[in-house]
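# Notes for the structure review
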Amino acid sequence: MGIDIGIKSFATLSNQQYFDAPKPLKASAKTKLATLQRKASKQVKGSRNQRKTYNKIRQLHARIARIRLDFLHKLTTYLAKTFIAFLRKMRYNNSSV
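Structural notes, computed from the coordinates. (Residues numbered from 1 in each chain as written. Predicted model: local features only at pLDDT ≥ 70, side-chain atom pairs only at ≥ 80, totals over all residues. Heavy atoms only, no water.)

## Some words on the sheet that holds strand β3 (residues 18-19)
One open sheet accounts for three strands, arranged β1-β2-β3; its pairing is antiparallel. Each having just a single partner strand, β1 (3-5) and β3 make up the two edges of the open sheet. (Pairing = 2+ DSSP bridges. Helix = DSSP H or I, 4+ residues; strand = E, 2+ residues; numbered from the N terminus.)

Following this line, the structure appears as structure tokens:
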């Protein structure tokens, strides 16, 4: 079983099963991020309010990173469980031959 990492889909298996990566910036996160960055750029440099806004931006970036990491973890767990079962089945079949 082979895995192809691509642009259209995140991963495609040799059995034509494909996995699309999550798009956390597609929805409201993109507009929220742009709004916060615009707001921070207009605030007084180094002020407490600007630091608060940058903390919100940091939290939003962390949320996006967690979404991507969660997807990657779920995908690799699924592939590991599938391939281990596949390999065990092959070993059993080869040992009886």
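## Brief notes about the environment of aspartate 20
Relative to the elements of secondary structure, aspartate 20 occurs in the loop between β3 and α1 (28-42). Note on aspartate 20: relative accessible area 46%, which makes it partly exposed. Residues aspartate 20 and serine 9 lie eleven residues apart in sequence; the distance between their C-alpha atoms is 4.8 Å. With sequence-adjacent residues up to four places away left out, aspartate 20 is seen in contact with Lys8, Ser9, Phe10 and Phe71. (Buried < 20%, exposed > 50% of the residue type's maximum accessible area, 1.4 Å probe, protein only. Contact = heavy atoms within 4.5 Å.)

## Considerations on the environment of glutamine 37
With respect to the element layout, glutamine 37 can be found in helix α1. By relative accessible area, glutamine 37 is classed as partly exposed at 40%. C-alpha separation for the pair glutamine 37 and threonine 53, spaced 16 residues apart in sequence, amounts to 8.0 Å. The residues touching glutamine 37, leaving out its near neighbours within four places in the chain, are Ile57 and His61.

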